[in-house]
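# Commentary on secondary and tertiary structure
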Amino acid sequence: MSPNQPQNEERLLIKGAYLMTQDEQLGDFVGDVLVADGRIVGIGRDLTDDRARTVDGTGSAVLPGFIDTHRHNWQGALRNLGPAWTYQEYRGQVQIGLGQHFEPRDVRVGNLAADLLSLDAGVTTVRDESHISNSPEHSDAAIAAHWESGIRAVFDHGWPSTEAEQWQFGSDRSHPDDIRRIREEVLSDDSARVTLNAMLRGPEMSTPAVAEQDIRLARELGLRISMHVGLGEWGAEQQSIRRLAETGLLASDMTFIHCCTSTDEELRMLAAHGASASVAGALEVFMPGLGQPATNRLLAAGVRPSLSVDTETIVSGDMFGVMRATLAYQQLIRAGAAGPMDRAPGLPTFDAADLLSFATIEGARAAGIDDRTGSLTPGKEADLIMIRLDHANTLPATDVAATIVAGGHAGNVDLVMVAGDVVKEHGVLRAGNAVFDEAAASRDRLFHAAGLRLPG
Ligand SMILES: [Zn+2]
C-alpha cells in the first residue's frame with residue numbers, strides 16, 4: 001500500500017458528546033459525529049448509520065485534534081533533559097553538542113518518540129521543524145517516521161546540525177539544495193498526510209542575500225515558509241520582519257515562530273501581509289534567552305496566533321502544558337509583572353476557549369492546511385480527539401473549555417483519530433511503547449559519541 005492511501009476505511013459514529021467544533025457556523029453543542037472514508041461526513045443531533053461502529057461519547061468532549069505548529073521532533077529521545085536550561089545551554093548541549101552526532105536512525109527514533117507522545121496527548125498534526133538535515137538520509141528518516149507513526153505532519157526541511165554555528169546568526173550558507181530532491185521525489189503531493197514546507201533562517205540568521213535566495217527557492221518549489229524570529233536581544237536588533245517587509249519579501253505564506261522581541265510595528269506588518277505566528281508559550285516561559293510570549297501583543301496587532309511545543313528537551317510535548325503556560329504569562333502581564341515589551345496598557349486578553357482555538361483551527365491556518373483539518377467541519381479529514389470529562393481531575397466539568405485548559409492531560413484523551421484512522425482508543429495508544437526502548441538506546445549512543453555525561 002502506498003503511504004498516501006487511507007489506512008482505515010472504518011465507519012465510526014460518536015454519539016452524545018459535547019462537540020467543540022471550532023467551526024463558527026456550527027459552534028459547541030451536545031451531538032454526534034459520523035466518520036467515513038477518513039472524513040467527517042456528518043455532524044448533528046440524533047445521527048444514525050447502520051453500518052457504523054458506535055462509540056459512546058457521553059461524558060466526553062470531542063474536538064479537532066491539536067495542531068502543534070513548531071516542534072523539533074528529532075529531539076524526541078532527548079526529552080526532559082534540561083527544564084532549567086537557558087537558551088545558550090540548550091544550543092550548546094543539543095544543537096551544537098549532540099546534533100552533529102545524529103545518524104539517520106537517531107532521527108527516525110526521535111521523530112517517532114515525538115510523534116507517539118503527540119498522538120497520545122491528542123496532537124494530530126505536527127509541523128516538524130527539522131534542522132537536522134545533516135544528509136539526505138537524515139531527512140528521509142525523519143519523513144519515514146511520520147509515515148510510520150500515523151500522525152499528520154508538515155515536514156519543514158531545515159539546515160544541518162553539523163557545524164551548527166556556521167548555519168545560524170549571520171550565516172552565508174545557502175539552504176541545502178536537497179530540498180529540491182525531497183520536493184520532486186519524496187513529498188510532491190500537497191494533499192497527502194505528510195507534506196513539505198521550508199524551514200528557513202531568514203534575515204535573522206543568515207545574510208540578506210542568502211535570506212532572499214532561500215525565500216525565492218521555497219516559493220519556486222511551491223512551499224510555505226517558517227522562520228524563527230524575534231529571538232532575544234539579537235532578534236530585537238535584527239528586526240527581520242521589518243526587513244522582509246521593506247524588501248518586498250513578507251507574504252501570507254510565512255509563519256513567524258516566537259516573535260518574542262519583534263516590535264509592535266513588526267507584528268502589525270505581519271498582520272497586514274496576512275502572515276501567521278506560532279507562540280511557543282511554555283518554552284518561552286521556561287527557557288531564559290528568547291524573551292516572553294507575544295500572544296497578547298499579537299492579538300493587539302490583529303493576529304490570532306497558533307501554539308507550539310518547540311523542544312521536548314525543556315518542556316513537555318503536549319499542548320495542555322503549552323496552553324497553561326501561555327495563559328500563565330498573560331496573567332503576569334495583568335499583574336503588572338510582565339517583561340518590558342508587554343507594559344503597554346490595555347493589551348487584549350484571551351481565555352480558555354481562545355486557547356483551544358489557537359491550538360486547533362489557528363494551527364491549521366498557520367500551516368496552510370485548514371482546508372482539510374483544524375475543525376469538525378463535514379468534508380474535512382477526520383482528525384479528532386475525545387477527551388473524558390468524567391475523570392477524577394475533570395469532574396465536575398462546569399465550563400468545558402476551562403476544564404480542558406486548566407486541568408486536562410494526556411490521560412484524559414480517550415480516542416484519537418488521524419484521517420479516520422484510530423491511533424488511540426480507550427486511553428491506549430495502538431502503537432504501544434516499544435519505540436521508547438529504542439529512544440533510550442539512541443540517547444545513550446549520542447551522549448557517548450559526543451563525549452558527554454548523561455545528566456542526573
Ligand atoms: Zn524552535
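In the nomenclature of an unreviewed UniProt entry, the chain is known as Cytosine deaminase of Streptomyces corynorhini.

In this section: the pattern of salt bridges. In total, this model carries 34 salt bridges according to the counting rule given. In this structure, the salt-bridge partner of Asp68 is Arg71, at a minimum N-O distance of 2.8 Å. Between Arg181 and Asp140 there is a salt bridge, with the nearest N and O atoms lying 3.0 Å from each other. With Arg181 in helix H4 (residues 178–186) and Asp140 in helix H3 (residues 136–149), the pair connects residues that are 41 residues apart, well separated along the chain. Here Arg181 falls in the partly exposed class, since its relative accessible area comes to 21%. One network of salt bridges, in which partners are shared, links Asp68, Arg71, Arg79 and Glu312.

The next point concerns the domain arrangement of the chain. Along its sequence, the chain is carved into domain 1 (12–64 + 375–425) and domain 2 (66–367). On a C-alpha basis, the centroid separation for the pair domain 1 and domain 2 is 28 Å. Roughly 1800 Å² of surface becomes buried between domain 1 and domain 2 when both sides are summed, with 66% attributable to carbon and sulfur atoms. Across the pair Arg152 and Asp383 runs a salt bridge, and its minimum N-O distance is 2.6 Å. At the junction of domain 1 and domain 2, the tally comes to six residue pairs in polar contact (both at pLDDT 80 or more). Of all elements in the fold, only strand S5 (60–64), strand S14 (384–388), helix H15 (400–407), strand S15 (413–418) and strand S16 (421–425) reach the threshold of two or more residues within the side of domain 1 that touches domain 2.

It is worth spelling out the sheet that holds strand S8 (residues 152–157) at this point. An order of S6-S7-S8-S9-S10-S11-S12-S13 is seen for the eight strands of this open sheet, with the pairing classed as parallel. Every interior strand has two partners, whereas the edge strands, strand S6 (66–71) and strand S13 (306–307), have only one. Relative to strand S7 (residues 123–130), S6 is paired through four bridges, and the arrangement is parallel. Pairing of Ile67 across the sheet is with Thr125, part of S7.

Further remarks concern the UniProt feature "domain: Amidohydrolase-related" (unreviewed entry) in the chain. The sites that UniProt annotates as "domain: Amidohydrolase-related" (unreviewed entry) are residues 62–423. Across residues 62–423, the secondary structure splits into 40% helix and 17% strand, with the terminal C-alpha atoms separated by 15 Å.

This brings us to unusual backbone geometry. Following Leu395, the chain continues to Pro396 via a peptide bond in cis, the omega torsion being -15°. By the element assignment, Pro396 lies in the loop between S14 and H15. At Glu163, a residue that is not glycine, the phi angle is positive and equals roughly 50°. Assignment of secondary structure puts Glu163 in the loop between S8 and H4.

Turning to the packing of aromatic side chains, a few remarks are in order. Given two aromatic rings, one states the distance between the centres and the angle between the planes to describe the pair. The final tally for this structure, using the stated rule, is four aromatic pairs. When the centroid spacing of 5.7 Å and the interplanar angle of 85° are considered together, the rings of Phe169 and Trp234 count as edge-to-face. Taken together, the positions of Phe169 in the loop between S8 and H4 and Trp234 in helix H7 (residues 232–238) put the pair 65 residues apart, joining distant regions of the chain. When its relative accessible area of 25% is taken as the criterion, Phe169 is described as partly exposed. A relative accessible area of 34% places Trp234 in the partly exposed class.

For the rest of this paragraph, the subject is H15. Because the α-helix completes a turn every 3.6 residues, residues three or four places apart line up on one side. The set of residues buried in H15 consists of Val400, Ala401, Thr403, Ile404 and Val405. In this structure, the buried residues of H15 make contact with strand S1 (12–20), S5, helix H12 (319–334), helix H13 (352–358) and S14. One side-chain oxygen of the residue at the start of H15 lies 3.1 Å from the amide nitrogen of Ala401, identifying that residue as Asp399.

Okay, the nonpolar core next. Counting residues in each nonpolar core, the largest one holds 104 residues, and the members touching the most others are Phe66, Phe256 and Ile404. If you look at the next biggest cluster of nonpolar residues, it comprises 18 residues, including Ile43, Leu376, Leu384 and Leu415.

The rules behind each value
- Residues numbered from 1 in each chain as written.
- Predicted model: local features only at pLDDT ≥ 70, side-chain atom pairs only at ≥ 80, totals over all residues.
- Heavy atoms only, no water.
- Salt bridge = Lys/Arg side-chain N within 4 Å of Asp/Glu carboxyl O.
- Helix = DSSP H or I, 4+ residues; strand = E, 2+ residues; numbered from the N terminus.
- Buried < 20%, exposed > 50% of the residue type's maximum accessible area, 1.4 Å probe, protein only.
- Domains from an automatic or database assignment.
- Buried area = accessible area lost by both parts, 1.4 Å probe.
- Polar contact = N/O pair within 3.5 Å; in protein donor to acceptor, adjacent residues only side chain to side chain.
- Pairing = 2+ DSSP bridges.
- UniProt positions renumbered as here; feature names shortened; annotations may be inferred.
- Phe/Tyr/Trp six-rings, centres within 6.5 Å; stacked < 30°, edge-to-face > 60°.
- Contact = heavy atoms within 4.5 Å.
- Core = buried A, V, L, I, M, F, W, Y, C linked by side-chain atoms within 4.5 Å.

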